[in-house]
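Summary of structural features
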Amino acid sequence: MFYDLSIPWPVKLLNGANIRDTKDKSVSELYNTVSMLIGLGYTTIAFDYEISDNKIPSNLLCPIQTSIFSITYPDVNFLTRITIQLSDSSQSQSLPSLASKFDLVVVKPTNEKLFIAACTSLDSIDLITLDLSNRLPFHLRHRTLGAAISRGLKFEIKYSSSIKEINARRNLISNAASLYRATRGKSIIISSNACNSLESRSPYDVINLSTLWGFTTEKGKSAITTDARSVVVHARIRRQSYRQVVEINSTTPTRRVQSQESSDPTEPLTNKTESGKDNKRRKL
């Protein structure tokens, strides 16, 4: 099973365009991109709605319509995703309310302070993404990224930007290699972020592409299979449980015997056993 967890949802559809209007260029490109990805072997696709505003609306609803694709492709798992471009710490207060509206909640920090907060303390998120096609305004340190990995979070690399521009390709190679070194090759997923079918690549092309960033073949494959699946599972657990706490009630056999034979819970079982033997001897 191959995963692509970032397909941008067209802006025109956000502004009220009809998802069934295939004459619209952006809508037809979305259909073509989905058809291409499925033809290449992807079985899980996430549509991404990105917010760059400093203030997240309190009444925000999910604008992504996955039902029409689910009917056409019943064997493919379609997910909804929201990406919050973090530019202010106050935005984190709105994250818990988004967890029930989207399948995946992703943050995109714009400075080092917010990046550290996302790695160490932000709850209700499943993935951290960065704009690796440009020079990062901070260094990627193993200690910071390790804190995120210990919390079950993953980091994302998007490759479509490197297809369009040479400078973006150069920056992506450098930044992706730095991310790989800082994480020791752990907890990284690769997504296309393809706006049209020409920007999508087959899973094995993505694996080969990842070797340019220092990935091994096994790590490259894991980035679009097992590690990507872990993001989806993490999101599902987050939505269906509270801080991943499970209560297990168990009773030991000795406690059940003790409660049946003695009304005094402090009386040891050995005394009961000895008294029983004495009664048998007297009868004999």
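The shown structure was predicted, so the numbers you read here are calculated from the model rather than taken from an experiment. (Residues numbered from 1 in each chain as written. Predicted model: local features only at pLDDT ≥ 70, side-chain atom pairs only at ≥ 80, totals over all residues. Heavy atoms only, no water.)

The subject of this paragraph is the pattern of salt bridges. Applying the stated rule across the entire model yields 6 salt bridges. The salt bridge partner of R81 is D48, with a shortest N-O separation of 3.4 Å. Within this pair, whereas R81 is found in strand β3 (residues 77-86), its partner D48 is found in strand β2 (residues 42-51), the two being separated by 33 residues in sequence. Accessibility classification places R81 together with D48 in one group, the buried group. Between E199 and K164 there is a salt bridge whose closest N-O contact spans 3.4 Å. A residue pair is termed long-range when its members are at least 10 positions apart, and E199 in the loop between β7 (188-191) and α9 (203-210) and K164 in helix α7 (residues 161-164) qualify at 35 residues. What makes E199 buried here is its relative accessible area of 9%. By relative accessible area, K164 is classed as exposed at 52%. (Salt bridge = Lys/Arg side-chain N within 4 Å of Asp/Glu carboxyl O. Helix = DSSP H or I, 4+ residues; strand = E, 2+ residues; numbered from the N terminus. Buried < 20%, exposed > 50% of the residue type's maximum accessible area, 1.4 Å probe, protein only.)

With 8 of its 10 residues buried, β2 lies for the most part within the structure. Judged from the 5 bridges that link them, strand β1 (residues 2-8) and β2 form a sheet pairing that is parallel. Counted as the bridge partner of Y3 is T44 from β2. (Pairing = 2+ DSSP bridges.)

Below, the discussion takes up the side chain of S192. Position of S192 relative to the elements: it lies in the loop between β7 and α9. We classify S192 as buried; its relative accessible area is 0%. Side chain to side chain, S192 and D4 meet in a polar contact 2.6 Å long. In this structure, S192 is in contact with D4, S6, I7, K158, Y159 and S160, ignoring residues within four places of it in sequence. (Polar contact = N/O pair within 3.5 Å; in protein donor to acceptor, adjacent residues only side chain to side chain. Contact = heavy atoms within 4.5 Å.)

Estimates place the volume of the largest pocket at around 580 Å³. When residues of the lining of the largest pocket are traced back to their parent elements, those giving at least two are β1, α1 (11-14), α2 (25-40), β2 and α7. With 4 residues, the single largest contributor to the lining of the largest pocket is α2. (1 Å grid on protein atoms, 1.4 Å probe; cavity = no way out; pocket = protein on both sides within 12 Å on 5 of 7 lines; lining within 4 Å. Points joined across faces, edges and corners; volume = space filled by probe spheres on them.)

Moving on, we get to the pairing of strand β6 (residues 154-158). In terms of burial, β6 is a largely internal element, 5 of the 5 residues being buried. On β6, burial covers both faces: K154, E156 and K158 on one face and F155 and I157 on the other are all buried. Sheet topology places strand β5 (residues 127-129) next to β6; 3 bridges connect them, and they run parallel. Residue pairing for β6: L127 is matched across the bridge by K154. Traced from β5 through helix α6 (residues 142-150) to β6, the parallel crossover comes out right-handed. Bridge count between β6 and β7: 4 bridges; the pairing is parallel. Note that in β7 the partner of K158 across the bridge is S191. (Right-handed = clockwise from strand over helix to strand, strands pointing away.)

The strand order β1-β2-β3-β4-β5-β6-β7 describes an open sheet built from 7 strands, whose pairing is parallel. If you trace the sheet from one side to the other, it starts and ends with β1 and β7, each paired once. On average, adjacent strands in this sheet sit at an angle of 30° to one another, irrespective of strand direction. (Axes fitted to C-alpha atoms, helices over the stretch in contact; angles between N-to-C directions.)

What follows deals with the packing of α6 against helix α8 (residues 166-183). At a minimum axis distance of 8 Å, the contact between α6 and α8 shows a crossing angle of 70°. Comparing the axis directions of α6 and α8 gives the class roughly perpendicular. Taking contact as the criterion, the partners of H142, L145 and I149 in α6 are, on α8, L179, A182 and T183. Class assignment of the residues belonging to the contact of α6 with α8 gives a composition of 4 nonpolar, 2 polar and no charged. (Parallel < 35°, antiparallel > 145°, perpendicular 65-115°, else oblique. Nonpolar A, V, L, I, M, F, W, Y, C, P; charged D, E, K, R; others polar.)

Further remarks concern the environment of A148. Along the chain, A148 falls in helix α6. Spatially, the C-alpha atoms of A148 and I116 are 9.0 Å apart, while their sequence positions differ by 32 residues. In contact with A148, not counting residues within four places along its chain, are C119, I128, L153 and F155.

It is the contact of helix α5 (residues 112-120) with α6, at a shortest axis distance of 7 Å, that shows an interaxial angle of 35°. Across the interface between the two elements, F115, I116, C119 and T120 of α5 pack against T144, L145, A147 and A148 of α6. The residue inventory of the contact of α5 with α6, partitioned by class, reads 6 nonpolar, 2 polar and no charged.

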